[in-house]
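Per-entry structural report
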Amino acid sequence: MAESTSGIRILLHQHQQDRVPTPISCHAERDRVLEIFRSAILKSGPPADFALETVQEAIKPQRQTVLVQDENQSLENALRTLLQELVSSAVQSGEEIMQFGQSIDDEESTQGQIPRLLDIVLYLCEKGHVEGGMIFQLLEDLTEMSTMRDCKEVFGYIESKQDILGKQELFGRGKLVMLRTCNQLLRRLSKANDVVFCGRILMFLAHFFPLSERSAVNIKGVFNTSNETKYEKDAPKGVSIDFNFYKTFWSLQEHFCNPASSMVAPVKWHKFSANLTVVLDTFDAQPLTDDDGNANNLDEEDAAAFSIKYLTSSKLMGLELKDPSFRRHVLVQCLILFDYLKAPGKNDKDGPSESMKEEIRSCEERVKKLLEMIPPKGKGFLRNIERILEREKNWVWWKRDGCPPFEKPPTEIKPGQVKKRRKILMGNKELHQLWMWADKNPNALDDPNRIKTPSIMEYWKPLAEDMDPKAGIEAEYHHKNNRVYCWKGLRFSARQDLEGFSRFNDFGIEGVVPPDLLPLEMRSKYQSKPAERSKRAKKEEAKDTTPPQEDSQFTNPAAEMDGGGIGGELEDSGVPMDADAVGASQSGAQTPEDNSKQSPAELGQEAGQSEAEVEMDGDGETDTEAE
């Protein structure tokens, strides 16, 4: 066996089981080990400089860097004895145990002897020279020997080393010891006076243990039945409230304390349902106003740190019913109970009966309505409670499945292996994969099935089948609701069927479908008739542009007053004119016979020409007057 230099760890020899450990049983040998560690904790510098040499000197003559089981046990007993002596000396001197032996010089300050001892043992455990659970055992002994004032400093040391204590090689050896240490501290602390310290311990446990640790989960679903709510059984003298309602109200806490009993015993459930109905009826009969909400509402800063257990005196019943937070407290308890009763079980027999489910559903709806009515911000409060209860269901399912771990182990990269980072050249991951797939499969670009453009009849066939009433397809499942399908179809129709593409403005996407694909009774609805539509449009245009007869009769006298009328001009010109033409120009309208001889298109054309001529005449008159 080779000796090791300081700071180098040598693996355990393959014939280690043949070694005979030197026991530290006699008082002389134990005192020698204690003296070695007393001198070690007084040294300056990091523990890495002298911790290994100290262990090698204490466990002579082997001088091994990794101890066997008996050597670890002997060394642990010696260190626990040394820790007890240091704590006793600190108590006798009247100093705080974590500051015992601390000195401050002009040049440097030395740490206390107990933290120094813990640092040395923690370094040996971290490097694997001694058994990993030794540091946890010393911390447990230290908290048991310390007062509550000193425990805060001890726990501060634990918090400062939680990253090292949480390493995998140490966590597996000491997690149960650390859990036992923290639970013992919580039992010693007062939940009313030491709230901050209790919160520090719980936060440490949440950081120290993984989220899927089963030791922190109430797997069996055991309820704290010791949390009993005591209230008056007999009516006192001089009470103005209904004492029967008082007893009914506070009896609900017996069911809230142990909800499982209500599901097992139907008699208890019926009793709870009847009592809850009485309480809800009372809340309905005495609604709260906005003034009640503002008067009893606490400030936000006070409400954040305000935690109470309501008093059960019958004299306070009237005031408590007017308190919005009191009502919310009770109604939220009802929602929690209902969620527990509805929670899925591993067997169908564990769930409630159908009649019980119906009662739970009706009571739950009523409780939610009452929560919305409680000021202030009742609807927002209910939304937050529903969100919390919905997230709680995920944890219920996880516990029912046996708390499977959901932490993924880190991917190990072998030495010399560099993880390649994928480059995205086409903007996003999907386009890049498509582009790389095309490079690896060049034949796919020439595949006739890939570059084939479907015909109009083939593409619109699914939509035509949806339009058939005999198919019985519901409207929400029609292809016309698929925007990508409709967009691609319009592109195909614009290239292959312009006539069908033009029907989109009149009939929508269903009008683009070729009529040959539709049933006979539906073709007339979407049949294209461009000639009839153009004639109809021209008729409407002719009606709009042709001046009515009454308007022309009204304007002729005005024209005669201005310049002698059209007839006077014709007489002066001496140009012969047909009588029919003169009559038509004077009346401004055509006879029915003339209208019957002309087509609607010709009527529209002539009407357009007459308007153009009138505008030209008007311009000419304006120019003459200007000259």
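See the structure shown above.
Summary of the structure given here. (Residues numbered from 1 in each chain as written. Predicted model: local features only at pLDDT ≥ 70, side-chain atom pairs only at ≥ 80, totals over all residues. Heavy atoms only, no water.)

Turning our eyes to something else, we now look at the nonpolar core. With 59 residues, the main nonpolar core has Phe37, Ile114, Leu117, Ile135, Leu142, Leu165 and Met178 as its most contacted residues. Of all the elements in the fold, those that place two or more residues in this core are helix H1 (27-41), helix H2 (51-58), helix H3 (69-93), helix H4 (113-127), helix H5 (134-145), helix H6 (148-160), helix H8 (168-188) and helix H9 (195-208). Leaving out residues up to four positions away in the same chain, Leu165 has contacts with Leu122, Ile135, Phe136, Leu139, Ile158, Leu170, Phe171, Met178 and Phe208. Core analysis: the next-biggest nonpolar cluster, separate from the first, contains 37 residues, Phe272, Leu321, Phe326 and Cys334 among them. (Core = buried A, V, L, I, M, F, W, Y, C linked by side-chain atoms within 4.5 Å. Buried < 20%, exposed > 50% of the residue type's maximum accessible area, 1.4 Å probe, protein only. Helix = DSSP H or I, 4+ residues; strand = E, 2+ residues; numbered from the N terminus. Contact = heavy atoms within 4.5 Å.)

Looking now at unusual backbone geometry. The residue after Pro375, namely Pro376, is reached through a cis peptide bond having omega -5 degrees. Looking at the element boundaries, Pro376 is found in the loop between helix H18 (354-373) and helix H19 (378-400). Unusually for a residue other than glycine, Lys377 sits at a positive phi of about 55 degrees.

Together, Leu211, Trp395 and Phe406 make up a nonpolar patch on the protein surface, roughly 320 Å² of accessible area in all. Residue position: Phe406 is located in the loop between H19 and helix H20 (429-440). Exposure remark for Phe406: the relative accessible area of 41% places this residue in the partly exposed category. (Patch = residues over 30% accessible without salt bridge, like charges linked within 9 Å, V, L, I, M, F, W, Y side chains within 5 Å. Areas by Shrake-Rupley, 256 points an atom, 1.4 Å probe, with all protein chains shown as cover. Salt bridge = Lys/Arg side-chain N within 4 Å of Asp/Glu carboxyl O.)

Moving on, we come to the pattern of salt bridges. Scanning the entire structure with this criterion turns up 18 salt bridges. Ionic pairing is found between Arg366 and Asp281, a salt bridge with its closest N-O pair at 2.1 Å. With Arg366 in helix H18 and Asp281 in helix H13 (residues 266-285), the pair connects residues that are 85 residues apart, well separated along the chain. Of the residues examined, Asp281 reaches a relative accessible area of 36% and is grouped as partly exposed. Each of the salt bridges in this network shares a partner with another, and the network as a whole consists of Lys342, Glu364, Lys368 and Glu386.

Take helix H10 (residues 243-250) next. Most of H10 is tucked away, with 6 of its 8 residues classed as buried. For H10, the set of buried residues is Phe243, Phe245, Tyr246, Thr248, Phe249 and Trp250. In this structure Asp242 caps H10, since a side-chain oxygen of it lies 3.2 Å from the backbone nitrogen of Asn244. (Polar contact = N/O pair within 3.5 Å; in protein donor to acceptor, adjacent residues only side chain to side chain.)

Attention shifts here to the side chain of His478. Take His478: it is sitting in the loop between helix H23 (461-467) and helix H24 (483-496). On the accessibility criterion, His478 (13% relative accessible area) is buried. Here Asp466 takes part through its backbone oxygen, which lies 3.4 Å from a polar atom of the side chain of His478. Not counting chain neighbours up to four residues away, the residues in contact with His478 comprise Asp466 and Ile473.

Turning next to the packing of aromatic side chains. Scanning all chains against the criterion turns up 21 aromatic pairs. Taking the centre distance of 5.4 Å and the plane angle of 15 degrees together, the rings of Phe204 and Phe208 count as stacked. Within this pair, Phe204 and its partner Phe208 are both found in helix H9, separated by 4 residues, close to a single helical turn. Residue classification places Phe204 among the buried positions, given a relative accessible area of 1%. The interplanar angle of 80 degrees and the centroid separation of 6.4 Å between the aromatic rings of Tyr231 and Tyr246 together place this pair among those described as edge-to-face. Placement of Tyr231 in the loop between H9 and H10 and of Tyr246 in helix H10 is noted, with a sequence separation of 15 residues between them. Accessibility assignment for this pair places Tyr231 and Tyr246 in one class, buried. Seen from the ring of Phe381, Arg328 lies directly overhead, with NZ or CZ sitting 4.4 Å from the centre. (Phe/Tyr/Trp six-rings, centres within 6.5 Å; stacked < 30°, edge-to-face > 60°. Lys NZ or Arg CZ within 6 Å of the ring centre and 35° of its normal.)

Turning to the packing of H5 against H6, a few remarks are in order. Closest axis-to-axis distance for the H5/H6 pair is 9 Å, and the angle between their directions is 160 degrees. It follows from the interaxial angle that H5 and H6 lie roughly antiparallel. As H5 runs across H6, the sense of the crossing is left-handed. In contact with Leu139, Leu142 and Thr143 of H5, H6 contributes Cys151, Val154, Tyr157 and Ile158. Taken together, the residues of the contact of H5 with H6 sort by class into 6 nonpolar, 1 polar and no charged. (Axes fitted to C-alpha atoms, helices over the stretch in contact; angles between N-to-C directions. Parallel < 35°, antiparallel > 145°, perpendicular 65-115°, else oblique. Left-handed = near helix turned anticlockwise from the far one by under 90°. Nonpolar A, V, L, I, M, F, W, Y, C, P; charged D, E, K, R; others polar.)

A few words now on H4. For H4, spanning 15 residues, the distance from its first C-alpha to its last is 22 Å, which sits close to the expected 21 Å at 1.5 Å a residue. In terms of burial, H4 is a largely internal element, 13 of the 15 residues being buried. Two residues or fewer past H4, Gly128 is found with a positive phi of approximately 85 degrees. (Expected span 1.5 Å × (residues − 1).)

Honestly, it's all geometry; don't read function into it.
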